[in-house]
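Breakdown of the fold
Next come the chains, spelled out residue by residue.
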Amino acid sequence: MSTSLLVPLHVAYIRALGDSKDDLSYHLSAHLRMNAVYWGLTALLVMGHGDALDRDEMIDFVMSCWNEEAGAFGAHPDHDAHLLSTLSAIQILLMQNALDRVDVDRIAKFILSLQQPSGVFAGDTFGEVDTRFSYCAINALSLLGKLDKLDVEKTVAYFRRCRNFDGGFGAVAGAESHAAQVFVCVAALAILDKLDEIDQPTLCWWLSERQLPVGGFNGRPEKLEDVCYSFFVLSALSILGKITWIDSSKLEAFILSAQDTESGGIADRPGDMPDVFHTHFGLAGLSLLGYPALVDIDPVYCMPASIIESLGLRKGWKSLQRRTL
């Protein structure tokens, strides 16, 4: 167990992902490949090592996932287009300064075609709906400069239906509150300048209650702590200006305790196997906590804050002040 961030190990861990193409697990995770590239690149940028992966190779992979028929991106070459992978592709291309490689109008048309009569978005043409997909749509349209094409009132009306008595939000109307869904709903409403739709005192209380004695957060009552909620809970509190409502020192110690001190990477909790998902969200959480020498991350878009600021999209969030070594 380490009490400091093992940056060189984490950089090496991310660089090695994908080296084992003969492993069954590599192929079983093909449906997450685009997301994984986004997680890995963002984690590297937060650590100040964005050049650790080959830029041209990364852009070529992203473009190989373009679905010409749909006008959007799949998670892997020859996969169907989906909002999750389309947002990740847009984020990767923006972080690599290569968004000029895509047809922005076609992507916007694909995204807008997935909005349902209720206001929620489906993830793809097969029709599964989730507030995550609404966030992906709003985030992507904002990054593409096409948010003006969205029916905002219709979209917000569905978020309103998903708001629960405890202040939180669920995956669909009537579903229980969950920290990950709270993040996507709060961030989406922040992008739309509709934070007044949130019962902020009640929600911030509910979010603060997610911290357990071990220091980590759970996603809902009576569940175990998990590193990924370090970002999901913190991001919402940061957007709502209440990040000081939790014990930041205990949370930082919990994230650091989940590091793999041999191979690098961060796990969901101490002693488990690391993966790029938890590595990314663990580092994002540490950035919001002001951990020394990390790059600022924007809690709304989950991208380096400097990129979002350069696009003129920064909202009024607050993280903890960056500490010095």
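Our subject is the structure that appears above.
These lines cover the structure that appears in this document, whether it is placed above or below. (Residues numbered from 1 in each chain as written. Predicted model: local features only at pLDDT ≥ 70, side-chain atom pairs only at ≥ 80, totals over all residues. Heavy atoms only, no water.)

1. Some details on the overall build of the protein chain
Assigned secondary structure in the protein chain consists of 14 helices and 4 strands. Relative to the 2.2 N^0.38 estimate, which gives 20 Å for 325 residues, the radius of gyration of the protein chain is 19 Å and therefore close to what a compact globule would have. The buried share of the protein chain, taken over its 325 residues, is 58%. Surface summary for the protein chain: the accessible area is close to 13700 Å², and the carbon and sulfur share equals 51%. One way to put it: in the protein chain the 26 positive side-chain charges average out to a point 6 Å from where the 41 negative ones average out. (Helix = DSSP H or I, 4+ residues; strand = E, 2+ residues; numbered from the N terminus. Rg over C-alpha atoms; globule rule 2.2 N^0.38 Å. Buried < 20%, exposed > 50% of the residue type's maximum accessible area, 1.4 Å probe, protein only. Areas by Shrake-Rupley, 256 points an atom, 1.4 Å probe, with all protein chains shown as cover. Lys, Arg positive; Asp, Glu negative; His and termini not counted. Charge placed at Lys NZ, Arg CZ, Asp CG, Glu CD.)

2. Structural notes on the pattern of salt bridges
Between side chains of opposite charge, a pair can form when the charged atoms approach closely. Per the stated rule, a full pass over the model turns up 13 salt bridges. Between Asp-56 and Arg-55 there is a salt bridge, with its nearest N and O atoms 3.6 Å apart. Residue Arg-55 is classed as partly exposed on the basis of its relative accessible area of 37%. Each of Asp-268, Arg-269 and Asp-272 takes part in salt bridges that share partners, so that together they form one network. (Salt bridge = Lys/Arg side-chain N within 4 Å of Asp/Glu carboxyl O.)

3. Overview of the packing of helix 5 (residues 83-95) against helix 7 (residues 131-144)
Running from amino to carboxyl end, helix 5 crosses helix 7 at an angle of 30°, the nearest separation of the two axes being 9 Å. One element, helix 5, and the other, helix 7, form an angle in the roughly parallel class. When the axes of helix 5 and helix 7 are compared, the crossing they make is left-handed. Contact with helix 5, carried on its side by Leu-83, Leu-84, Leu-87, Ile-90, Gln-91 and Leu-94, involves Arg-132, Phe-133, Tyr-135, Cys-136, Ala-137, Asn-139, Ala-140, Leu-143 and Leu-144 of helix 7 and no other residues of that element. Here the contact of helix 5 with helix 7 is built from residues that sort into 12 nonpolar, 2 polar and 1 charged. (Axes fitted to C-alpha atoms, helices over the stretch in contact; angles between N-to-C directions. Parallel < 35°, antiparallel > 145°, perpendicular 65-115°, else oblique. Left-handed = near helix turned anticlockwise from the far one by under 90°. Contact = heavy atoms within 4.5 Å. Nonpolar A, V, L, I, M, F, W, Y, C, P; charged D, E, K, R; others polar.)

4. Quick notes on the side chain of Glu-197
Relative to the helices and strands, Glu-197 is located in the loop between helix 9 (179-191) and helix 10 (200-208). A distance of 2.9 Å separates a polar atom in the side chain of Glu-197 from a polar atom in the side chain of Arg-160. Setting aside anything within four residues of it in sequence, one finds Glu-197 in contact with Val-156, Arg-160, Arg-163 and Leu-189. (Polar contact = N/O pair within 3.5 Å; in protein donor to acceptor, adjacent residues only side chain to side chain.)

5. Overview of the environment of Phe-61
Within the element layout of this structure, Phe-61 appears in helix 4 (residues 55-64). Filtering out sequence-adjacent residues up to four positions away, Phe-61 remains in contact with Arg-33, Met-34, Val-37, Ala-75 and Pro-77.

Purely geometric numbers; function is a separate question.
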